[in-house]
Amino acid sequence: MDGFLRKRGKLLSGPVAFVLGLGLLSPAFGPKGAAAMVMAVWMALWWVFRPVDIAVTSMLPIVINAVFDLIPAAHVISQYFSEIVVLLLGADLLCLTWHTTGLDRRISVRVLCNIGSSMKQQVFAWLAVSTVLSVFLPNVVVAAILCPIAVAMLEFLGDGQVDRRMAMPILLAIGWGSGIGGFGSPIGGSANLVAISYLENLLGHEFMYVDWVVRFLPILVLIAALNLVFLWHYTPDVHAHGSRDYFRKSYAAFGPMKRGERIGLWLFVLAAVLVFLRPLYDGLVPGLKPAYSFLCCGFCMFFLHDENAKPMLTWKYAEHNIMWGMMFLFASGMALGRVMIETGVVDTLAAMLASCHLAGGLGTVAAFVVFASCMSEVSSNTAAVSIALPIVLSISAALGLDPVAYVLVVIVAANCAYVLPVSTRAIPVGFGLDAATQIRLGLRLTVLNMIVTTVVGYLCLRFIPQFEQL
């Protein structure tokens, strides 16, 4: 009986919070804005308590929008098959062939040969690789590449079963690392290109990419170190079974790569290279964006054959093994952000921020950091930058402040989101990371990151005049 009541309590937590929130927030945000705000609360509660599957929770934006008519339905539905969802589908099709051919086991053992069995070494390696790759590749691509490799490695170590204690810090390292690395270079994500557009309009001349790297790379190293120390604190004191010699012997037992493995590997590499080299051919093939590069390569798997003349992939197998839930989860964050923007929630929050009587200095930096971080949590870093920068510029102009330093700090804050399983953070959850664990630990890391970003931003503003001289 107690278990039944507890399950019902978890199920009712979302609707009860929604009804209460509507009454409390409607005066400030209006009925539609309040519904958008408390929809986010409802989703967070169900992600934590898990009364239903996370994929079911991910459909809430569609349901609530249909009932309350918050924004045009097409604006919500379109998020569930956006270009990024297409990218995830293509990457998933490619990775399915890794499992059918055994390539995932080969790669995972090879990784273990290089990294070793220490969990702290594992966390360091996965965080470093994901951070560095996301400096050059889209965050979602990096997470989609690394998560299946990590899970395959964990399954190998557990004889087909993934040890959740080992998986938690590794998947968090990939999710968080692929998020923060984006601000390491201008090509790390579309949010950076939005920011550069604002900076060039503000400065009246071209923004040199080297100026970006000089300012942001030291901050990225600091933020990555914070992430590493935080993850090490929650890394269990266990070792993966086996030594480097054991893994090397296991790798040798695989023998030479088979035709199917080579096809799976090279098509995945081709998709990643096409993403990276996109600036070289975008004029010739303007429609071949990263999402479609991955889908085209995944599509080819249904027609190519392995060494046994069998198709690399069949639709029957793909239909049952594609991670549909992960795609719903990712899309739900985009849909939630769209609803919050179009219902005026963001405008209301911006007006509240503008009314805080900011005067420049530490308090202003802190306010901008918190605002940008919160916007990035419920939408995407691109949306957060697009929302936050106009507000920063208008407040800076009203206060007679040079806005450049504040803009740069906001870019860092918008690229550092750790809590809700939306956007890039949805991918590790789709691969088995507990959403409640991500929310719980992400909240703690977010507070630490806000403090560090605020302090570093203020010190740069106060003591390094060259920081804002572009």
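Residues numbered from 1 in each chain as written. Predicted model: local features only at pLDDT ≥ 70, side-chain atom pairs only at ≥ 80, totals over all residues. Heavy atoms only, no water.

Right, let's talk about the packing of helix H20 (residues 381-399) against helix H21 (residues 404-414) for a bit. Viewed as axis vectors pointing N to C, H20 and H21 meet at an angle of 155°, and their least axial separation amounts to 10 Å. As judged from the angle between their axes, H20 and H21 are roughly antiparallel. Crossing of H20 over H21 shows right-handed handedness. Only Tyr406, Val407, Val410 and Ala414 of H21 make contact with H20, whose side of the interface consists of Asn381, Ala384, Val385, Ala388, Leu389, Val392, Leu393 and Ser396. Along the lines of polarity and charge, the residues of the contact of H20 with H21 split into ten nonpolar, two polar and no charged. (Axes fitted to C-alpha atoms, helices over the stretch in contact; angles between N-to-C directions. Helix = DSSP H or I, 4+ residues; strand = E, 2+ residues; numbered from the N terminus. Parallel < 35°, antiparallel > 145°, perpendicular 65-115°, else oblique. Left-handed = near helix turned anticlockwise from the far one by under 90°. Contact = heavy atoms within 4.5 Å. Nonpolar A, V, L, I, M, F, W, Y, C, P; charged D, E, K, R; others polar.)

Quick look at the side chain of Thr235 now. Counting through the fold element by element, Thr235 comes out in the loop between helix H11 (209-233) and helix H12 (244-253). Judged by relative accessible area, which is 11%, Thr235 ranks as buried. What Thr235 contacts, discounting residues up to four positions off in sequence, is Met119, Lys120, Val123 and Pro169. (Buried < 20%, exposed > 50% of the residue type's maximum accessible area, 1.4 Å probe, protein only.)

Moving on: empty space enclosed by the protein. One water molecule sets the probe size; rolling that probe over the atoms shows where empty space is left. Taken as a whole and judged by the stated rule, the model has two cavities of 30 Å³ or more. Roughly 60 Å³ of internal volume is contained in the largest cavity. If you trace the largest cavity, you find it lined by Leu88, Ala91, Asp92, Cys95, Ala144, Pro148, Met326 and Phe431. The greatest single-element share of the lining of the largest cavity, amounting to four residues, is contributed by helix H5 (residues 83-101). (1 Å grid on protein atoms, 1.4 Å probe; cavity = no way out; pocket = protein on both sides within 12 Å on 5 of 7 lines; lining within 4 Å. Points joined across faces, edges and corners; volume = space filled by probe spheres on them.)

Core analysis: the largest hydrophobic core is formed by 158 residues, its most contacted members being Trp47, Trp126, Phe183, Phe294 and Ile427. By residue number, the principal contributor to this core is helix H8 (residues 139-157), which donates 14 residues. Aside from chain neighbours lying at most four places away, what touches Phe294 is Leu87, Gly90, Ala91, Leu94, Val141, Phe268, Ala271, Ala272 and Val275. (Core = buried A, V, L, I, M, F, W, Y, C linked by side-chain atoms within 4.5 Å.)

Averaged over the protein, the pLDDT score is 82; the fraction of residues at 70 or greater is 91%. Here helix H10 (residues 190-203) stands out as the element of the protein with the lowest mean pLDDT, 73, in contrast to helix H3 (residues 60-68), whose mean of 92 is the highest. (pLDDT = per-residue confidence, 0-100.)

Right, let's get into the packing of aromatic side chains. Here the structure, examined in full by the defined rule, presents 13 aromatic pairs. When the centroid spacing of 6.1 Å and the interplanar angle of 55° are considered together, the rings of Trp176 and Phe230 count as tilted. In this pair, Trp176 sits in helix H9 (residues 164-180) while Phe230 sits in helix H11, placing the two residues 54 residues apart along the sequence. Judged by relative accessible area, which is 1%, Trp176 ranks as buried. For Phe230, a relative accessible area of 7% corresponds to the buried category. (Phe/Tyr/Trp six-rings, centres within 6.5 Å; stacked < 30°, edge-to-face > 60°.)

This brings us to helix H13 (residues 259-276). In this model H13 runs 26 Å from its N-terminal to its C-terminal C-alpha over 18 residues, within 8% of the 26 Å that 1.5 Å per residue would give. Three or more residues of H13 are buried, namely Gly260, Glu261, Ile263, Gly264, Leu267, Phe268, Ala271, Ala272 and Val275. (Expected span 1.5 Å × (residues − 1).)

Topologically, Leu24 is positioned in helix H1 (residues 2-49). Among the residues examined, Leu24 registers a relative accessible area of 68% and is labelled exposed. In sequence terms Leu24 and Leu270 are 246 residues apart; their C-alpha atoms lie 52 Å from each other.

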